[in-house]
Amino acid sequence: MGAGHPAQAHCRRGVRAVLEGLPPGSLALAAVSGGTDSLALAGALAAEGAPHDVTVGAIIVDHGLQPDSAETALLAAQQCGDLLLAPVAIVQAVVAASGDGLEAAAREARYSALAETAAAMGEEHPAHVVLLGHTRDDQAEQVLLGLARGSGARSLAGMPALVVREGTPFVRPLLHLPRDTTEQACAAWGLVPWEDPMNSDRAYARVRVRQALAMLEDDLGPGLGEALARSADLLRDDADLLDDLAEAAVPDDDPAGVPVGVLADLAPALRSRVWRRLLLRAGSPAGAVTAAHVAACDGLVTDWHGQGPLHVPGNLRVGRADGRVRITPRPRFTVFATIPKDGQGKEGAS
């Protein structure tokens, strides 16, 4: 398979950097939806597998969210087969209802299906990895979406090039390339992308952000997406450092609670991250802890005026007493006193 077009070479170079870090005989799998980015990724992976002694294949996840999803998955698998990728698997993802919305639920189901399938397929290999086709445009949209939501540095840091989920490494080798490059690479390889109708449905926030980014580039000039992606890289370095410092600063688990002075001595940017870790350690779900929860907890240290305990996700309450802050489970029943006819009080519970 040739790489005559510069776009093919760019895609191959990104994939090559991943494969060069794998031991011989490893398994590298492209997560393929059939769209432009994932097909360009599949083409690059197919071209780079043999030179690096790596088995290269693909996983196509069928979410079952559209009437023709099975046919779309089959067409994607056929194109992967034409590229001589093997093994190629089509897997079903069960998208459970979630308070975070359909996109988030589909993403979680997709990652779980990819991780489970890759682990099973990689049992006979010294290592396995899943490659994702996100581009620089996706990164810019992610940053803009974080700005619109008023998120912190971690969210504005965008998508990392490497993340491990359920024991499976996920790598984004095209994250530095614009979407134009993947479109040109697909054309050069003779691949026919599928157009997801959800990508034009303004009911989804990401679609609105994509359209807004295009309008902003029209008004502010080209290069905005690249600038947002570059900002994400810089913010990620800052966020990583702060997270490392916060991890080292988290007090040991003490039933008596955390001394207020220990928290008060921390810099605000560090203390907010320590608060988040304390809440997660106590049992708050990661996706449910918001900046508002953290700020309210921080008020127990920085704006203490005798306020009562706070209720936070995970059925927990956070209170301050005797110079300490404690995170405890909220009681599921109320103890009260009853006075029977004989006049002797006894405790009861509701």
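My aim in this report is to walk through the structure given alongside it, one point at a time. The structure presented is a predicted model; accordingly, all values stated were derived computationally and were not measured.

What the rule picks out here adds up to 14 salt bridges. A salt bridge links Arg-179 to Asp-37, with the nearest nitrogen and oxygen atoms 3.8 Å apart. In this pair, Arg-179 is assigned in helix H7 (residues 179-189) and Asp-37 in helix H2 (residues 36-48), connecting sequence segments 142 residues apart. Residue class for Arg-179 comes out buried when judged on its relative accessible area of 16%.

Before going further, it helps to spend a moment on the nonpolar core. In this structure, Cys-11, Ala-28, Val-32, Leu-45, Ile-60, Leu-85 and Leu-131 are the most contacted members of the largest nonpolar core, which totals 35 residues. Every element with two or more residues in this core is listed here: helix H1 (6-19), strand S1 (27-31), H2, strand S2 (55-62), helix H3 (69-82), strand S4 (128-131) and H7. The dominant element in this core, judged by the number of residues it contributes, is H2, at 7 residues. Discounting residues that sit within four places of it in the chain, Leu-85 has contacts with Ala-42, Leu-45, Ala-46, Val-56, Gly-57, Ala-58 and Cys-80. Within the second largest apolar cluster, 20 residues are counted, among which are Ala-246, Leu-270, Leu-300 and Val-318.

A separate point is the packing of helix H8 (residues 205-220) against helix H9 (residues 224-249). Interhelical geometry of H8 versus H9 gives an angle of 110 degrees and a closest axis separation of 9 Å. Classed by the angle they form, the pair H8 and H9 counts as roughly perpendicular. For the pair H8 and H9, contact is made by Leu-213, Leu-216, Glu-217 and Leu-220 and by Leu-224, Gly-225 and Leu-228, respectively. Counted by class, the contact of H8 with H9 contains 5 nonpolar, 1 polar and 1 charged residues.

Along the chain, Val-274 falls in helix H11 (residues 268-282). Each C-alpha atom, one on Val-274 and one on Gly-223, is 36 Å from the other, the two residues being 51 residues apart in sequence. When near neighbours in sequence (up to four residues on either side) are disregarded, Val-274 contacts Ala-246, Ala-249, Val-250, Pro-251, Leu-263 and Leu-266.

Bringing the pairing of S2 into the picture now. Within S2, 7 of the 8 residues are buried, which leaves the element mostly enclosed by the surrounding structure. Here S1 pairs with S2 via 5 bridges, running parallel. Note on S2: the bridge partner recorded for Leu-29 is Gly-57. Note on the crossover from S1 through H2 to S2: the handedness is right-handed. With H3 bridging S2 and the parallel strand S3 (residues 88-92), this β-α-β connection has right-handed handedness.

Glancing now at the environment of Leu-234. Residue placement: Leu-234 occurs in helix H9. Residue class for Leu-234 comes out exposed when judged on its relative accessible area of 54%. Distance in space between the C-alpha atoms of Leu-234 and Ala-153 is 10.0 Å, their sequence separation being 81 residues.

The next thing to look at is the sheet that holds strand S7 (residues 258-259). Across the sheet, which stays open at both edges, the 4 strands sit in the order S7-S10-S9-S8 with antiparallel pairing between neighbours. The open sheet has two edge strands with one neighbour each: S7 and strand S8 (310-312). Bridging between S8 and strand S9 (residues 316-321) involves 3 bridges; their strand directions are antiparallel. Along S9, the bridge assignment pairs Leu-310 with Val-318. Sheet contacts for helix H12 (residues 291-302): S8, S9 and strand S10 (324-329); angle to S9, the most-contacted strand, approximately 10 degrees.

In this section: the packing of H9 against H11. Interaxial distance between H9 and H11 falls to 9 Å at its minimum, and their mutual angle equals 60 degrees. Comparing the axis directions of H9 and H11 gives the class oblique. For the element pair H9 and H11, the recorded crossing hand is right-handed. When H9 is examined against H11, the residues Leu-242, Asp-243, Leu-245, Ala-246, Glu-247 and Ala-249 are found in contact with a partner set consisting of Leu-270, Arg-273, Val-274 and Arg-277. Classifying every residue of the contact of H9 with H11 by side-chain character gives 6 nonpolar, no polar and 4 charged.

Under the criterion given, the structure shown has 1 aromatic pair. For the ring pair Tyr-111 and Phe-170, a centre distance of 5.1 Å and an interplane angle of 80 degrees mean the geometry is edge-to-face. Remark: Phe-170 occurs in strand S6 (residues 168-171) and Tyr-111 occurs in helix H4 (residues 102-121); sequence separation between them is 59 residues. With respect to burial, Tyr-111 and Phe-170 carry one shared label: buried. Of note, Arg-165 hangs over the ring of Tyr-111, and the distance from its end group to the ring centre comes to 4.1 Å.

Each value, and the rule that gives it
- Counting restarts for each chain: residues are numbered from 1 in the order of the written sequence.
- A pLDDT threshold of at least 70 governs which residues receive local features in this predicted model, and a stricter bar of 80 or more applies before side-chain atom pairs are shown or counted, although totals over entire chains, interfaces and linings include all residues.
- By convention in this description, side-chain values take in all heavy atoms of the structure and omit both hydrogens and water.
- A carboxyl oxygen of Asp or Glu within 4 Å of a side-chain nitrogen of Lys or Arg is what we treat as a salt bridge.
- By the criteria applied, helices consist of DSSP H or I runs no shorter than four residues and strands consist of E runs no shorter than two, each listed in order from the N terminus.
- Type-normalised accessible area, obtained with a 1.4 Å probe on protein chains alone, sets the label of each residue: buried when under 20%, exposed when over 50%, and partly exposed for intermediate values.
- Here, nonpolar core refers to any group of buried Ala, Val, Leu, Ile, Met, Phe, Trp, Tyr and Cys residues whose side-chain atoms link them within 4.5 Å.
- We call two residues in contact whenever any of their non-hydrogen atoms come within 4.5 Å of each other.
- Lines fitted to the C-alpha atoms define the axes, with helices restricted to the stretch that makes contact. Angles between their N-to-C directions range from 0 to 180 degrees.
- The scheme is simple: roughly parallel for angles under 35 degrees, roughly antiparallel for over 145, roughly perpendicular for 65 to 115, oblique for anything else.
- Residue polarity follows a fixed list, in which Ala, Val, Leu, Ile, Met, Phe, Trp, Tyr, Cys and Pro are nonpolar, Asp, Glu, Lys and Arg are charged, and the others, Gly among them, are polar.
- Strand pairing is defined by DSSP finding a minimum of two bridges between the two strands.
- Place the viewer so that the strands point away; then a crossover is right-handed whenever the path from the first strand over the helix to the second strand goes clockwise.
- Left-handed describes a crossing whose near helix is turned anticlockwise from the far helix through less than a right angle; right-handed describes the clockwise counterpart.
- Two aromatic rings from Phe, Tyr or Trp, using only the six-membered ring of Trp, form a pair when their centres are within 6.5 Å; if the ring planes differ by under 30 degrees the pair is stacked, by over 60 it is edge-to-face, and anything between is tilted.
- Note on geometry: a ring has a charge over it if NZ (lysine) or CZ (arginine) is within 6 Å of the ring centre and within 35 degrees of the ring normal.

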